[in-house]
Amino acid sequence: MGFDMSVSAEVRLLCDEVAKFVREQVDPRSRWIEENDAIPDDLMQLARDMGLFGLTIPEEYGGSGLDLAGKCAIEEVMGRTNYGFATLIGNHTGISTTGITALGNVEQKQRFLPKMASGEWVGAFALTEPQAGSDPASMRTMAVKKGDRYVLNGEKIYITNAGPAHVFTVMAITDKSKGIKGISVFVIERDTPGFSVGKNELKMGMHGCTTAPLSFTDCEVPAANLLGAEGMGYVQAMKTLTAGRVTVSARCCGMMDKLIDQTADYMKTRTQGGKRLADHQGLQWMLADMAVARDAARGLTQRAIEVLMRGERGTMEASTAKVFSTEALGRVVDAAVQIHGGMGYMREVGIETTFRDARIVRIYEGTSEIQRNIIAGLLLKD
Ligand SMILES: Cc1cc2nc3c(=O)[nH]c(=O)nc-3n(C[C@H](O)[C@H](O)[C@H](O)COP(=O)(O)OP(=O)(O)OC[C@H]3O[C@@H](n4cnc5c(N)ncnc54)[C@H](O)[C@@H]3O)c2cc1C
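Residues numbered from 1 in each chain as written. Predicted model: local features only at pLDDT ≥ 70, side-chain atom pairs only at ≥ 80, totals over all residues. Heavy atoms only, no water.

Engineer: How should the site of the ligand be read in this particular structure?
Structural biologist: Neighbouring residues of the ligand: 21 residues in total, closest Thr128, Ser134, Thr160, Thr367 and Glu369. For the ligand, a nitrogen atom lies 2.6 Å from a polar atom in the side chain of Thr128. Between a nitrogen atom of the ligand and a side-chain N or O atom of Asn373, the distance comes to 3.0 Å. Within the complex, the protein chains bury 65% of what would otherwise be the 970 Å² of accessible surface of the ligand. Residue-level mapping places the shell around the ligand at the junction of two domains, with at least three residues from each of domain 2 (122–231) and domain 3 (235–379). (Near = heavy atom within 4 Å. Polar contact = N/O pair within 3.5 Å; in protein donor to acceptor, adjacent residues only side chain to side chain. Areas by Shrake-Rupley, 256 points an atom, 1.4 Å probe, with all protein chains shown as cover. Domains from an automatic or database assignment.)

Below, the structure written as structure tokens:
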């Protein structure tokens, strides 16, 4: 049973449509995306036409208005297709729009969300800096107020979607003396003078989805681009990441579903030593363990969805789901390679690609170590 069972019939229908779309349009282009480290223009347009960029944007601004449960149901579907494409859409409809939806005033929402919903403008979320990764509080990017403008100086690294993005949600310090309460959040448009996007990084996996540094040199933005009040940046970033961690977990569940299906199919067709792989008990147990890991991940993710949907903070549940699901995916993809033998190591069947793609989920949106710090911190709180 997937997350789609906990959403409305309408959202289930949408999941079916997205599943058909990825099967018919994304899967056949997956090898091209992998080899060219790019998303074909025609696929971007098909994704816009399909409404994928607007999935979580409120209906009044042109989107489908999915809540966290709906977003996770879609993530699960997207977990079955090309990881770079799934990340581009997942990041845009997740951490890159959440801040604007949560903190934006009506004018800001009207300015940004309709074009983000149509996919004309892609979004990115920029928190990480060279000196501030696991500890974002040590960021150095400054935003100094001058009249009706803020002047930004600093740099960000590893920013997903930086290649195609037009709208960047950027965290910067407005008052150094206040520590994390002095971090604010801005919306920066790509063509703002003083702002530039660096070279696309070459990565282990996640091909097709760009990752690049950003630089701000006396970059002036109107004060109207501040989201919420000054000082709300850190808290909003943490809230955004808490929900983001749950959606990453949901995508991992979809990835594990596909790996289990592929592996079971292969076990039924490949024969060695006069019997099918499916008839070797050692391999049966490996397959069973893959399903146990996937189901436990799904249970923890479902719990986190429910807690967050009730309006509770859900920090513990989100971190628990993320650390378990991402590590479970690591074990499952490793077993999938092993059961496929030499074939698992070949590009042809795609498991090798998933093996590399899967490595990122233990790093971004908070590493496994940081999730454990969060969980232990809450358990040890006086
Ligand atoms: C492909 C990719 C896409 C990304 N996309 C984005 C994005 O869109 N936006 C964005 O803002 N960021 C993004 N990131 C950044 C990502 O969130 C960071 O890489 C991640 O948080 C880790 O930070 P770091 O790389 O600086 O590692 P470091 O913080 O230097 O960590 C190095 C190691 O030390 C461990 N460690 C650090 N501190 C502690 C501690 N207190 N206790 C125990 N262990 C610790 C870490 O777990 C890790 O194993 C992306 C990264 C990648 C690789």
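Engineer: Would you mind going over the domain arrangement of the protein chain with me for this structure?
Structural biologist: Reports often express the size of an interface as the amount of accessible area lost when the parts come together. What the domain assignment lists for the protein chain is domain 1 (3–118), domain 2 (122–231) and domain 3 (235–379). Domain 2 and domain 3 are separated by 31 Å when their C-alpha centres are compared. Domain 2 puts 9 residues into the contact, and the matching count from domain 3 is 11 residues. Summed over both partners, the interface of domain 2 with domain 3 comes to about 770 Å²; 75% of that surface belongs to carbon and sulfur atoms. Taken together, the links from domain 2 to domain 3 amount to 0 salt bridges. Where domain 2 meets domain 3, there are 2 residue pairs in polar contact (both at pLDDT 80 or more). Grouping the constituent residues of the side of domain 2 that touches domain 3 by class yields 6 nonpolar, 3 polar and no charged. (Contact = heavy atoms within 4.5 Å. Buried area = accessible area lost by both parts, 1.4 Å probe. Salt bridge = Lys/Arg side-chain N within 4 Å of Asp/Glu carboxyl O. Nonpolar A, V, L, I, M, F, W, Y, C, P; charged D, E, K, R; others polar.)

Engineer: Got a minute to help me understand the environment of Glu365 in this structure?
Structural biologist: Here Glu365 lies in the loop between helix H12 (351–357) and helix H13 (368–379). Among the residues examined, Glu365 registers a relative accessible area of 17% and is labelled buried. The sequence separation of Glu365 and Val292 amounts to 73 residues, and the corresponding C-alpha distance is 25 Å. If we skip the residues at most four places from it in the chain, Glu365 touches Ile95, Leu241, Gly244, Arg245, Val248, Lys322 and Gln371. (Helix = DSSP H or I, 4+ residues; strand = E, 2+ residues; numbered from the N terminus. Buried < 20%, exposed > 50% of the residue type's maximum accessible area, 1.4 Å probe, protein only.)

Engineer: Mind showing me how you'd approach the pattern of salt bridges here?
Structural biologist: When the charged atoms of two side chains with opposite charge come close together, those side chains can pair. One pass over the full model with this rule turns up 21 salt bridges. Among the ionic pairs, Arg31 bridges to Glu35, the shortest N-O distance being 3.9 Å. On the criterion of helical spacing, the pair formed by Arg31 and Glu35 is a turn pair, its members being 4 residues apart in helix H2 (residues 30–36). Owing to a relative accessible area of 30%, Arg31 belongs among the partly exposed residues under this scheme. Classification of Glu35 by relative accessible area gives exposed; the value is 56%. A salt bridge links Glu76 to Arg298, with the nearest nitrogen and oxygen atoms 2.6 Å apart. Of this pair, Glu76 sits in helix H4 (residues 68–78) while Arg298 sits in helix H9 (residues 281–309), and the two are 222 residues apart along the sequence. Arg298 shares its class with Glu76; the two are buried. Residues joined by salt bridges that share partners form a network here, namely Glu76, Asp257, Arg294, Asp295 and Arg298.

Engineer: What exactly am I supposed to notice about the side chain of Glu129 here?
Structural biologist: Here Glu129 shows up in the loop between strand E1 (122–126) and strand E2 (142–146). The class for Glu129 is buried, based on a relative accessible area of 4%. A distance of 2.6 Å separates the side chain of Glu129 from the backbone nitrogen of Arg140, its partner in a polar contact. Here Thr141 takes part through its side chain, which lies 2.7 Å from a polar atom of the side chain of Glu129. For Glu129, the contacting residues outside a window of four places in its chain are Met139, Arg140, Thr141, Glu155, Lys156 and Ile157.

Engineer: Mind showing me how you'd approach the side chain of Asp357 here?
Structural biologist: Residue placement: Asp357 occurs in helix H12. Of the side chains bearing the opposite charge, Arg356 lies closest to the buried Asp357, which forms no salt bridge; the N-O distance is 5.3 Å. Beyond its immediate sequence surroundings of up to four residues, Asp357 is in contact with Tyr83, Gly205, Met206 and His207. (Lys, Arg positive; Asp, Glu negative; His and termini not counted.)

Engineer: In this structure, what is going on with the pairing of strand E7 (residues 211–222)? I would like to understand it.
Structural biologist: Side-chain direction in a regular strand flips from residue to residue, so the side chains alternate between the two faces of the sheet. One ladder, built from 9 bridges, connects strand E3 (residues 149–160) with E7; its direction is antiparallel. Its bridge partner lying in E7, Val151 is registered against Glu220. In this sheet, E7 lies alongside strand E6 (residues 195–197) in antiparallel orientation, the contact comprising 3 bridges. If you follow Phe195 over to E7, its bridge partner there is Phe216. (Pairing = 2+ DSSP bridges.)

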